[in-house]
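Each chain, letter by letter, is given below.
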Amino acid sequence: MTNKSLAFRKNKLSDPREQLKYLSNGIFQDGQLPKFREKLDEGSEFPLKPHTLEILQINVGYMCNQVCSHCHVDAGPDRKEIMTLETMEQILDVLKNTTVNTLDLTGGAPEMNPHFRWFVEEASKIGVDDFIVRSNLTIILANKKFHDLPEFFKKHNVHVVSSLPFYSKERTDKQRGDGVFAKSIKALQMLNDLGYGKEESGLKLDLVYNPAGAFLPGDQKGLEDQFKKRLYEDFGIEFNGLFTITNLPISRFLEYLIVSENYEDYMDALVSAYNPTAVKNVMCRNTLSVSWDGYLYDCDFNQMLEMKVNGNAQHISEFNMNELAKRNIKISQHCYGCTAGAGSSCQGSLVE
Amino acid sequence: MEKTYYNPKDLKKFGSISEWNEELGKKFFDYYNTVFEEGKLTAREKSLIALAVAHTIQCPYCIDAYTSDGMQRGIEKEEMMEALHVAGAIRGGASLVHGVQMMNKVEKLSM
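As the structure is a prediction and not an experimental result, all values here were calculated from the model.

Colleague: Which residues make up the overall build of chain B, and what are the values?
Modeller: Helix and strand counts for chain B stand at five helices and zero strands. Radius of gyration (C-alpha) of chain B: 19 Å, far over the 13 Å computed for a compact globule of 111 residues. The dimensions of chain B, computed from C-alpha atoms along their principal axes, are 65 × 35 × 30 Å. Residue pairs in contact within chain B that sit at least 24 positions apart in sequence constitute 52% of those at least 6 positions apart.

Rendered as structure tokens:
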């Protein structure tokens, strides 16, 4: 496992254009596999159009204390892209005047943004139904200044969503780095101690499961039951729900697929598992992603591929709901990741 | 013709056996899919049984399919290996239990 980002290593896949080339050539060029657009066409879903905007997902920066091998953000300690206070103020202005009911902060490790706490405080004053922070858990133990994060989350009734690839040390540390499992367990216990993950507390703690390798996630409910059983039996940990998320073939996961010679089989598995029902609820239809520098994207994955939303208003400072509602969502072959099997989104599977 | 008997890509074409006999093909796959549904046994337990049987009958397609299936279900590699040892124990036991027959015969032929 590497401990540097693609960007730091100057790997050619750090250039989104190279990734998009990869996703459109080879098996998709010579007709072995249909392009995503062709699949949408079969169900008269092309061009893909948005529904009502419900979720604003804000990527407050690519800096992270971890370098996970599957990371679609290519995040790490060596990434310096961080959202400014000015951009956060522009987001708050937009938030006051939209149909958005869910605010979803992600990164990197969002807590590493120096304005993170200010933003959470200001955004919670505006009030949304669901205020999510995607925490990698280990950040809570990374430095003294983060130790009180669980109390801070509780104070602002933040819904904590945390990655934990597996309930065992081996699979977790392989994907996320040595020692991550033990720290994650400790952080989950700290959250539990404050009431997080306990049914009666109202403080929500959900976990995210990503397969640790070139395979698709299994049934969400089945995995959730296993996670609950094992985490409770082994560590006394409780949590609310498990979101299964398919790894999309971009950034560091794409690098892994190519290096391990799993790329073609993985894409084949995604295409074979294409589920037209999942397309109906795919997250780009009710979500907008905002990058650290304030640009708008159909999802966090498109952000990493630098595929800005269609239209003239591409920056949060020129936010125009009417125009955004009419846009065509941008797609490429990575989109197969969200439509495979029971579907995948930042809120887990899409189909019962 | 292929130069080897097994081609991993053929696994995905399994369904095509119905093309030459639709009625029986359909009956088989309906049965197959029903067998692996949640029942008195969980789908997870059935997956592990399938993996053990796959190794007993030494079917490369089945080994490929049920290793992947196990990974997706979150089955750990230690669980998979334990299941294989069950298969191995039964296989070995099936040879060794016939040792009683051998012993009986030796006893019968000996003075």
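Here the narrative resumes, following the displayed structure.
Colleague: Outline the overall build of chain A, supporting the account with residue identities and numerical values.
Modeller: If you tally the helices and strands in chain A, you get 16 helices and eight strands. Relative to the 2.2 N^0.38 estimate, which gives 20 Å for 352 residues, the radius of gyration of chain A is 19 Å and therefore close to what a compact globule would have. Overall, chain A is about 55 × 45 × 40 Å in size when its C-alpha atoms are taken along their principal axes. Within chain A, the fraction of its 352 residues that count as buried is 49%. For chain A, the share of sequence-separated contacts (at least 6 apart) that also reach a separation of at least 24 residues comes to 74%.

Colleague: Go over the nonpolar core with me, naming the residues and quoting the values.
Modeller: Within the largest apolar cluster, 103 residues are counted, with the highest numbers of intra-cluster contacts made by A:Leu56, A:Leu103, A:Val160, A:Ile250, A:Leu270, A:Val282 and A:Val290. Counting six residues, the second largest nonpolar core, distinct from the first, contains B:Leu48, B:Leu51, B:Ala54 and B:Tyr66.

Colleague: Any chance you could break down the pairing of strand S5 (residues 205-209) of chain A for me, citing the residues and the numbers?
Modeller: Residue and element names in this part refer to chain A. Burial along S5 is one-sided: Leu205, Leu207 and Tyr209 are buried, while Asp206 and Val208, pointing the other way, are not. Here three bridges tie S5 to strand S6 (residues 242-244), and the two strands are oriented parallel to one another. Bridge pairing links Val208 to Phe243 in S6. Regarding topology, helix H10 (residues 220-235) serves as the crossover connection from S5 to the parallel S6, and that connection is right-handed.

Colleague: Before we move on, can you summarise the interface of chain A and chain B with the specific residues and values?
Modeller: Each partner contributes to the interface: chain A provides ten residues, whereas chain B provides eight residues. Considering only residue class, the side of chain A that touches chain B consists of four nonpolar, six polar and no charged.

Colleague: Help me get a handle on the packing of helix H8 (residues 169-176) of chain A against helix H9 (residues 180-193) of chain A, residues and values and all.
Modeller: All names here are of chain A. Two numbers describe how H8 lies on H9: the axes approach to 8 Å, and their chain directions differ by 105 degrees. The angle between H8 and H9 falls in the class roughly perpendicular. Here H8 contributes Lys169, Thr172, Asp173 and Arg176 to the contact with H9, which in turn contributes Val180, Phe181 and Ser184. Looking at the contact of H8 with H9 residue by residue, the class counts come to two nonpolar, two polar and three charged.

Colleague: Please set out the packing of helix H4 (residues 85-95) of chain A against helix H5 (residues 116-126) of chain A residue by residue, giving values where relevant.
Modeller: For any two helices packed against each other, one specifies the crossing angle of their axes together with the interaxial distance. All names here are of chain A. As a packed pair, H4 and H5 sit with axes 10 Å apart at the nearest point and diverge in direction by 10 degrees. Considering their axes alone, H4 and H5 lie roughly parallel with respect to each other. Residues Met88, Leu92 and Leu95 of H4 lie in contact with H5, whose contacting residues are Phe119, Glu122, Ala123 and Ile126. Looking at side-chain class alone, the contact of H4 with H5 contains six nonpolar, no polar and one charged residues.

Colleague: Break down helix H3 (residues 60-72) of chain B for me, with residues and values.
Modeller: Residues and elements named next belong to chain B. Taking 1.5 Å per residue, 13 residues should reach 18 Å; H3 reaches 18 Å between its end C-alpha atoms and fits that length. All of the buried residues in H3 are Tyr66, Asp69, Gly70, Met71 and Gln72. In this fold, the buried residues of H3 make contact with helix H2 (43-56) and helix H4 (77-97). One or two residues past the end of H3 sits Gly74, with phi positive at roughly 80 degrees.

Colleague: An account of the sheet that holds strand S8 (residues 296-297) of chain A is needed here, citing residue identities and associated values.
Modeller: All names here are of chain A. Overall, mixed pairing links the eight strands, which are arranged S6-S5-S4-S3-S2-S1-S7-S8 in an open sheet. Looking at the sheet topology across the chains shown, the edges are occupied by S6 and S8. In the sheet, strand S2 (residues 102-106) pairs with strand S3 (residues 130-135) via four bridges, with the strands oriented parallel. Note on S3: the bridge partner recorded for Leu103 is Phe131. With respect to the sheet, H10 is in contact with S5 and S6, its orientation differing from that of S6 by roughly 135 degrees.

Colleague: Which residues make up the pairing of strand S7 (residues 287-290) of chain A, and what values go with them?
Modeller: Residues and elements named next belong to chain A. Burial along S7 is two-sided: the face carrying Thr287 and Ser289 and the face carrying Leu288 and Val290 are both buried. Taken together, the four bridges between strand S1 (residues 55-59) and S7 define a ladder with parallel strand orientation. Looking at the pairing, Ile58 lines up with Val290 of S7. Across two bridges, S7 lies against S8 in antiparallel orientation. Residue pairing for S8: Ser289 is matched across the bridge by Tyr297. In this structure, the hairpin formed by S7 and S8 is closed by a connection of five residues, where Gly294 is found at a positive phi of approximately 90 degrees.

What counts as what
- Residue positions within a chain follow its written sequence, with the count starting from 1.
- To read the labels, note that chains go from A and ligands from 1, taken in the order they are written.
- The model is predicted, so local features are restricted to residues of pLDDT at least 70 and side-chain atom pairs to those at 80 or more, both for listing and for counting; the totals for chains, interfaces and linings are taken over all residues.
- Only runs of H or I of at least four residues qualify as helices and only runs of E of at least two qualify as strands under DSSP, and these elements are numbered from the N terminus.
- Computation of the radius of gyration draws on C-alpha atoms, with the globule rule given as 2.2 Å multiplied by the number of residues to the power 0.38.
- We call two residues in contact when their backbone-placed C-beta atoms lie within 7 Å.
- Any residue surrounded by 20 or more other C-beta atoms within 10 Å of its C-beta is treated as buried, while 12 or fewer makes it exposed and the intermediate range makes it partly exposed; C-beta atoms here are placed from the backbone.
- Remark: nonpolar core denotes a set of buried Ala, Val, Leu, Ile, Met, Phe, Trp, Tyr and Cys residues whose joining runs through C-beta atoms within 7 Å.
- The pairing criterion is simple: DSSP has to find at least two bridges between the two strands.
- A clockwise path from the first strand over the helix to the second, with the strands pointing away from the viewer, defines a right-handed crossover.
- Residue type decides the class: Asp, Glu, Lys and Arg count as charged, Ala, Val, Leu, Ile, Met, Phe, Trp, Tyr, Cys and Pro as nonpolar, and the leftover types, Gly among them, as polar.
- Interaxial angle, 0 to 180 degrees, is taken between N-to-C directions of lines fitted to C-alpha atoms, where a helix line uses only the stretch in contact.
- Convention used here: angles under 35 degrees read as roughly parallel, angles over 145 as roughly antiparallel, angles from 65 to 115 as roughly perpendicular, and any remaining angle as oblique.
- One less than the residue count of a helix, multiplied by 1.5 Å, gives the span that helix is expected to have.

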